[in-house]
Amino acid sequence: MKMQLIVLQLQAVIALSILLTFSRGFEMNMTQYYKMPQLYDFDDYDRCLLEFPGTVATYCFVRADIEPDSSSAAWRAIEEISKYNRHHFNHRHLYFGLCVHKCEAELAGLSPRDRKQLQAGILTDNPKVNVYLDLFATEAGNRVRYNDLSNACINWRLQQREYGVHAKSVVEYCDTTDKVIEADDAWNLAFYVVICSLLSLACVSSLIDLHLKRRRHDKMLKERDHYKTPPRSLTTRILLTWSIARNWYRLNQEPNGKIGRELRFLDCFKFFAMFLVIFAHTNWVIYEGAISNPQDPERLLHTSAGTLLISGSLITVTFFVISGLLLTINWLAVTRAVMDGKKSTLSMANYAGLFVKFNIFRYIRLTVPYAFVLLLSGVYFENAGGPLWRHIYEREQLACRKNWWTNLLFINNFVRTDERCLLQGWYLAADTQSFALSLLIMILGHRFARWSKHLYAAVLCIFMLLPMVLTYVLDYYPIFLPTPQTQKDSFIGDHQFTEFYTSFYMNFGSYFCGVLAAFAYDQVSLKQYKLRERIGFQILWFALIPVGVLWLFTAHPIYQHYYAETPRLWGAIYAGVQRNFWAFGLGIVVVGMAAKVGWVLRKFACLPIFRILGRLTYGAFIIHLLVARVVLSTVREPIFFATGTMFAYIFYVVCASYLSSLLLAIFVELPVSSILKLMR
């Protein structure tokens, strides 16, 4: 029976793959496409700064906007191509890397009158560009010096290439050979102190642990058993908190207890969900950089593969469901331990104490490693890359120095959203807010147990309907739409991202599905239901896999249909069900797999390798975008966007992120977890 179900799933997926392979996408007019100016035009960065020793060389990164001109074929092409804004970059917005010496040489033969005619003005009316200018406020002097020259140079090049258009421009920043490298400031010094402190603690703790191991007189005790056995003394436990060997064994230890063994497959879920998140975010940072063939990713988005990429945002729902599930399991365990032997209900003081304790412990556990990555993100490094280093990496560094406090307060999903530090941190903010609200709801459900089912049903209905109502009233697009230009602008000024996608209330329905899945799992476990022996449930469980794949493509009619607006009512309904139905189905999958449904799929998900990878997922999540920015900000010229190139970058970012997460776990995350266990 199980084999037949898996064969049917494979047949459905293969049939879908064949259908998608032969589906035709948007046909782009490439003759018209090449009439537009290139999105990126970079002079040779190294040659500019090194060619003329003894002179001050300057290289400027410049933003430009083409001025409308209906008489120009290039402008008409820009209008035609850019109107497909869901799939295409805005080709009006150009990016230049200009060598000042080269520009001066190009304009040297022009009269003052000709140079003045090349001036189209300074770019001041692009709010997204202005966010970058505010962050690079120290470049104001370079803008005064080079704005006019760079604008004349850009328009001279547009004229020489016979595009027949002019552009306004503004200097974002300039690199010069005589730039004075400032001494390390307080932020950098704080980072160095923290690093030295962590290394010192790890060395001292490891040496003490080694000394205690050698003092053991029990020859039957294996070496690794020493590191797995907690000391009896509280003082010794504290001293061994940063022991490298002990933390490694803790990272690799098998789950304890019945619940830990039944839910060990979640590590596999977390790893693969994290891989897909890194896939999407690396692709975004590639867009934020420079691409020599933007037509290829634009054409890709017109295909069914493009729909799959857009629907990939549902992967984030996986983390919300798992988070709600684990919160509820912990809540049930704690309340049962507290209520053990008590006949009366808990007092309001008891509930308040539990609420505070849950939130404080969670805050410390998440925030300490998060704060370390925030500190690292704000460290100033001299330009180690090229023309894009400061645009991609230093912009993040400046935003972190300015707005780090919004991350630590977990309000960065609605405060200062145009200058985000660690953009992926929106999830932690939304998850924290969902955590607090879910805990409050469960307290009410526990206190008024008679009405708990009605309460939970009402909450689920409210937060499933709320996205529909808000989408209809505020006229949101029915799905989260990370357009190429939106990603290139790092989601600055994108209300759809800030209000529709990252707000906790639009995701709380998914989180609460995880809460309800935990209650269902608890009842299945307590009453010992044998779900794996129920044929009907097995059919439902295995059917959810191809249904989930098909669900990813339900956005296709909305995303790919340009020529008629989606009816507002139907769009609102879809906005409400897309994420919540995915979360509900995932909840059923989790409950079933916890009840040992899934056969070979469950065996695969429980492989020991996922135990380590799953535990490293949080660290990989908070550090992967920093890794991607370091990797992609070092490119000297626009990269060729191709499948091989994209996966090479993704593979590198995945490996580097998990290796970085391993260090973060050994030196920060696991020691903090050990201290919290001692405090309970």
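Coordinates for the structure precede this section.
**With respect to the state of the cysteines**
Inspection of every chain in the model, using the stated rule, returns four disulfides. Bridging Cys 103 to Cys 153, the disulfide has an S-S length of 2.2 Å. Disulfide Cys 103 to Cys 153: torsion about the S-S bond roughly -75°, handedness left-handed. Here Cys 103 is found in helix H5 (residues 100-107), whereas its partner Cys 153 is found in helix H8 (residues 140-160), with 50 residues between them in sequence. Across the pair, exposure class does not vary: Cys 103 and Cys 153 are buried alike. Here Cys 400 is linked by a disulfide to Cys 421, with a sulfur-sulfur distance of 1.9 Å. Given an S-S torsion of about 85°, the disulfide between Cys 400 and Cys 421 has right-handed geometry. You can see Cys 400 sitting in helix H19 (residues 389-408) and its partner Cys 421 sitting in the loop between H19 and helix H20 (425-447), a full 21 residues away along the chain.

**Description of the pairing of strand S3 (residues 93-99)**
Side chains on a regular strand alternate between the two faces of the sheet. Taken across its seven residues, S3 has seven buried, putting it largely inside the fold. Residues His 93, Tyr 95, Gly 97 and Cys 99 line one face of S3 and the alternating positions Leu 94, Phe 96 and Leu 98 line the opposite face, and both faces are buried. Inspection of the sheet shows strand S1 (residues 40-42) paired to S3 by three bridges, in the parallel sense. Following the sheet pairing, Tyr 40 is matched in S3 by Tyr 95. Across seven bridges, the pairing between strand S2 (residues 58-66) and S3 is antiparallel. Within the sheet, the bridge partner assigned to Ala 64 lies in S3 and is Leu 94.

**Section: a nonpolar patch on the surface**
Together, Leu 465, Val 469, Tyr 472, Val 473, Leu 474, Leu 569, Trp 570 and Ile 573 make up an exposed nonpolar region whose accessible area comes to about 800 Å². Put simply, the parts of the chain that give the nonpolar patch at least two residues each are helix H21 (452-473) and helix H27 (568-594). Counting residues per element, the nonpolar patch draws most heavily on H21, at four residues. Turning to its location among the elements, Tyr 472 is positioned in helix H21.

**What about the pattern of salt bridges?**
Here the structure, examined in full by the defined rule, presents 28 salt bridges. With a shortest N-O distance of 3.6 Å, Lys 102 and Asp 43 are connected by a salt bridge. Taken together, the residues Lys 102 in helix H5 and Asp 43 in the loop between S1 and helix H3 (45-50) connect sequence positions 59 residues apart. Judged by its relative accessible area of 42%, Lys 102 is partly exposed. Taking the relative accessible area as the measure of exposure, Asp 43 reaches 5% and is therefore buried. In this structure, Arg 362 engages Asp 431 in a salt bridge whose closest nitrogen and oxygen atoms are separated by 2.3 Å. Residue Arg 362 is found in helix H18 (residues 348-377), and its partner Asp 431 is found in helix H20; the two are separated by 69 residues along the sequence. On the basis of relative accessible area, Arg 362 is assigned to the buried category, the value being 8%. Given the relative accessible area of 3%, Asp 431 is considered buried. Each of Asp 41, Asp 43, Lys 102, Glu 106, Arg 157 and Arg 161 takes part in salt bridges that share partners, so that together they form one network.

**A few points about the pairing of strand S4 (residues 167-176)**
For S4, a buried count of eight out of 10 residues is recorded, marking the element as mostly surrounded by other parts of the structure. Bridge count for S2 against S4 is nine bridges, and the pairing is antiparallel. Note on S4: the bridge partner recorded for Tyr 59 is Asp 175.

**Description of the sheet that holds S1**
Sheet architecture is open: four strands sit in the order S1-S3-S2-S4, paired in mixed fashion. Only two strands of the sheet have a single neighbouring strand rather than two, namely S1 and S4. When the angles between neighbouring strand axes are averaged without regard to direction, this sheet yields 15°. H5 rests against S2 and S3 of the sheet, and its axis sits at about 90° to S3.

**Structural notes on the packing of H20 against helix H24 (residues 504-526)**
As a packed pair, H20 and H24 sit with axes 9 Å apart at the nearest point and diverge in direction by 55°. Relative to H24, the element H20 lies oblique. For the element pair H20 and H24, the recorded crossing hand is right-handed. Here Trp 426, Ala 430, Asp 431, Gln 433, Ser 434, Phe 435, Leu 437, Ser 438, Ile 441 and Met 442 of H20 come into contact with H24, specifically with Phe 504, Asn 507, Phe 508, Tyr 511, Phe 512, Val 515 and Phe 519. Considering only residue class, the contact of H20 with H24 consists of 12 nonpolar, four polar and one charged.

What counts, and at which threshold
- For every chain, the first residue of the written sequence is number 1, and numbering continues from 1 along that sequence.
- Thresholds applied to this predicted model are a pLDDT of at least 70 for local features of residues and 80 or more for the giving and counting of side-chain atom pairs; totals over whole chains, interfaces and linings are not thresholded and use all residues.
- Each side-chain value is worked out from all heavy atoms of the structure, with water and hydrogens disregarded.
- By disulfide we mean two sulfur atoms from cysteines, separated by a distance within 2.5 Å.
- In this text, helices come from DSSP runs of H or I with a minimum length of four residues, and strands from runs of E with a minimum of two, each type numbered from the N-terminal end.
- Type-normalised accessible area, obtained with a 1.4 Å probe on protein chains alone, sets the label of each residue: buried when under 20%, exposed when over 50%, and partly exposed for intermediate values.
- A pair of strands is treated as paired once DSSP finds two or more bridges between them.
- Grouping into patches uses exposed residues only, defined as over 30% relative accessible area, and leaves out salt-bridged ones; the cut-off is 9 Å for like charges and 5 Å for nonpolar side chains (Val, Leu, Ile, Met, Phe, Trp, Tyr).
- Only the protein chains shown count as cover for residues, with accessible areas throughout obtained via the Shrake-Rupley method and a probe of 1.4 Å.
- Any carboxyl oxygen of Asp or Glu within 4 Å of a side-chain nitrogen of Lys or Arg constitutes a salt bridge here.
- Think of each axis as a best-fit line through the C-alpha atoms, taken over the contacting stretch in the case of a helix, with angles from 0 to 180 degrees between the N-to-C directions.
- Contacts: residue pairs with any heavy atoms within 4.5 Å of one another.
- Any angle that is under 35 degrees is reported as roughly parallel, and any over 145 degrees as roughly antiparallel; angles of 65 to 115 degrees are reported as roughly perpendicular and all others as oblique.
- Helix crossings are classified by the rotation of the near helix relative to the far one: an anticlockwise turn of less than a right angle makes the crossing left-handed, while a clockwise turn makes it right-handed.
- For this scheme, ten residues count as nonpolar: Ala, Val, Leu, Ile, Met, Phe, Trp, Tyr, Cys and Pro. Four count as charged, namely Asp, Glu, Lys and Arg, and the remainder, Gly too, count as polar.

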